[in-house]
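Overview (structure and organization)
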Amino acid sequence: TSPDWKGPGWYRFEGKATFMPMKTPGPGWCGTGHTGWLPGRNTHPFKKYETKDVTYVFHWGDNGYFMATSGGKVTDCGNFYVYYLPEPPDCDYRYCGTPTRPECNSYKVLNVYRSINDPGFIEPNKVRYCDKVDYFKQSPDWEGPGWYRFEGEGATEMPTSSPGPQRCATGHTGWVRTDSLPGEYESKSVTICFAWGPNDCYQSVTGKVSNCKDFFVYYLPRTPGCDYRYCGAT
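These figures come from a predicted structure and were not determined experimentally.

**A short note on the pattern of salt bridges**
- Overall, the coordinates contain ten salt bridges when judged by the stated rule.
- The shortest N-O distance in the salt bridge between Asp53 and Lys73 comes to 2.6 Å. On the criterion of sequence distance, the pair formed by Asp53 in strand 3 (residues 51-60) and Lys73 in strand 4 (residues 63-76) is long-range, its members being 20 residues apart.
- With a relative accessible area of 61%, Asp53 lands in the exposed category.
- A residue is classified by how much of its surface remains accessible, and Lys73, at 31% relative accessible area, is partly exposed.

Structure below.
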């Protein structure tokens, strides 16, 4: 029996392993043969104090889904997650952890005219995109609120100073207003401003930014309207 296992119940991962992995670590890790992990996108809740039902799986040999255990839960406690862990199927089965935040393995990509160096409209029809679902000017890379990573030329992270309006194929340009970005594998809530006219923060929403060591990901909520869009820089 693992020295830190007290039977089925709620657990928090601490130390070098603070989250459950959302990609299989392969068998034979974290002091066991059958390594427990949490498959699938969006298995961790996005909202504080929200709980999701999950199924854990255990990797053995060439089979990443060798055995599954239902009845699990994950709760967002604000600055950390806790996991309800059922009894593993057998010995040597063990729930494993990772320092990597869940959103660092589960995000969508923004890469269509996102750079602040792109003009405020796209030729030939002078289209201005907006980050809203089911609008006729919906950005082609926007899939609704969620975790996103900026990729592509000239747009790998959100700017932390106002780029001014009418850039990145939109009118109201979104940027992050913050004094500092989170450290490695840390996350923080931030204000995302939209510049318009002479006002660098004409309207704003609350989002999140997480440091994934080699890149940042952003939780981006619904924008205030059209044409409002989240922009990128380098």
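**Quick look at the packing of aromatic side chains**
- Counting across every chain of the model gives 15 aromatic pairs.
- Ring centres of Trp10 and Tyr84 lie 5.7 Å apart, and the angle between their planes is 70 degrees; on these two criteria the pair is classed as edge-to-face. With Trp10 in strand 1 (residues 9-11) and Tyr84 in strand 5 (residues 81-85), this pair connects stretches of sequence that are 74 residues apart.
- Centre to centre, the rings of Trp142 and Tyr148 are 4.9 Å apart; their planes meet at 10 degrees, and the pair counts as stacked.
- For Tyr148, a relative accessible area of 0% gives the class buried.
- Clustering of aromatic rings is evident, with ring pairs tying together Trp5, Tyr11, Tyr56, Phe58, Tyr93 and Tyr95.
- Over the face of the ring belonging to Phe80 we find Arg12, whose NZ or CZ atom lies 3.6 Å from the ring centre.
- Over the aromatic face of Tyr148 sits the side chain of Lys108, whose NZ or CZ is 5.7 Å from the ring centroid.

**Comments concerning the sheet that holds strand 8 (residues 146-150)**
- Here we have seven strands laid out as an open sheet, ordered 7-8-12-11-10-9-13, and mixed in their pairing. Looking along the sheet, the strands with just one partner apiece sit at the ends: strand 7 (108-110) and strand 13 (228-230). Each neighbouring strand pair of the sheet contributes to a mean axis angle of 40 degrees, computed without reference to strand direction.
- Note: strand 10 (residues 187-196) against strand 11 (residues 199-211), nine bridges, orientation antiparallel. Counterpart to Ser187 in the pairing with strand 11 is Ser210.

**Quick look at the side chain of Ser139**
- Within the secondary structure layout, Ser139 lies in the loop between strand 7 and strand 8.
- By relative accessible area, Ser139 is classed as buried at 1%.
- When residues no more than four places from it in sequence are discounted, the contact partners of Ser139 are Arg114, Tyr129, Cys130, Asp131 and Arg229.

**Focus: the environment of Gly232**
- Turning to its location among the elements, Gly232 is positioned in the segment after strand 13.
- Residue Gly232 is classed as buried on the basis of its relative accessible area of 0%.
- Considering only alpha carbons, one finds Gly232 and Trp29, 203 residues apart in sequence, at a separation of 38 Å.
- Residues contacting Gly232, with those up to four places away along its chain left out, are Arg114, Ser115, Ile116, Phe150, Gly154, Ala155, Glu157, Met158 and Pro159.

**A word on the environment of Asp76**
- By the element assignment, Asp76 lies in strand 4.
- Apart from the residues lying within four places of it in its own chain, the contact partners of Asp76 are Pro45, Phe46, Lys47, Lys48, Tyr49, Glu50, Tyr81 and Lys208.

**Details of a nonpolar patch on the surface**
- The grouping of Trp60, Phe66 and Met67 at the surface amounts to a nonpolar patch, some 270 Å² of accessible area in total.
- Position of Met67 relative to the elements: it lies in strand 4.
- Take Met67: its relative accessible area is 33%, and that puts it in the partly exposed class.

**Brief notes about the state of the cysteines**
- Applying the stated criterion across every chain, the model contains five disulfides.
- Across a sulfur-sulfur distance of 2.1 Å, Cys193 and Cys201 are joined as a disulfide pair. Taking the sign of the S-S torsion, -75 degrees for the link of Cys193 and Cys201, the bridge is left-handed.
- Ordinal numbering of bonded cysteines along the protein chain defines a disulfide pattern of 1-2, 3-8, 4-9, 5-10, 6-7.
- A disulfide-free cysteine, Cys77 has its sulfur positioned 19 Å from the sulfur of Cys104, the nearest such atom.

Each value, and the rule that gives it
- Residues numbered from 1 in each chain as written.
- Predicted model: local features only at pLDDT ≥ 70, side-chain atom pairs only at ≥ 80, totals over all residues.
- Heavy atoms only, no water.
- Salt bridge = Lys/Arg side-chain N within 4 Å of Asp/Glu carboxyl O.
- Helix = DSSP H or I, 4+ residues; strand = E, 2+ residues; numbered from the N terminus.
- Buried < 20%, exposed > 50% of the residue type's maximum accessible area, 1.4 Å probe, protein only.
- Phe/Tyr/Trp six-rings, centres within 6.5 Å; stacked < 30°, edge-to-face > 60°.
- Lys NZ or Arg CZ within 6 Å of the ring centre and 35° of its normal.
- Pairing = 2+ DSSP bridges.
- Axes fitted to C-alpha atoms, helices over the stretch in contact; angles between N-to-C directions.
- Contact = heavy atoms within 4.5 Å.
- Patch = residues over 30% accessible without salt bridge, like charges linked within 9 Å, V, L, I, M, F, W, Y side chains within 5 Å.
- Areas by Shrake-Rupley, 256 points an atom, 1.4 Å probe, with all protein chains shown as cover.
- Disulfide = S-S within 2.5 Å.

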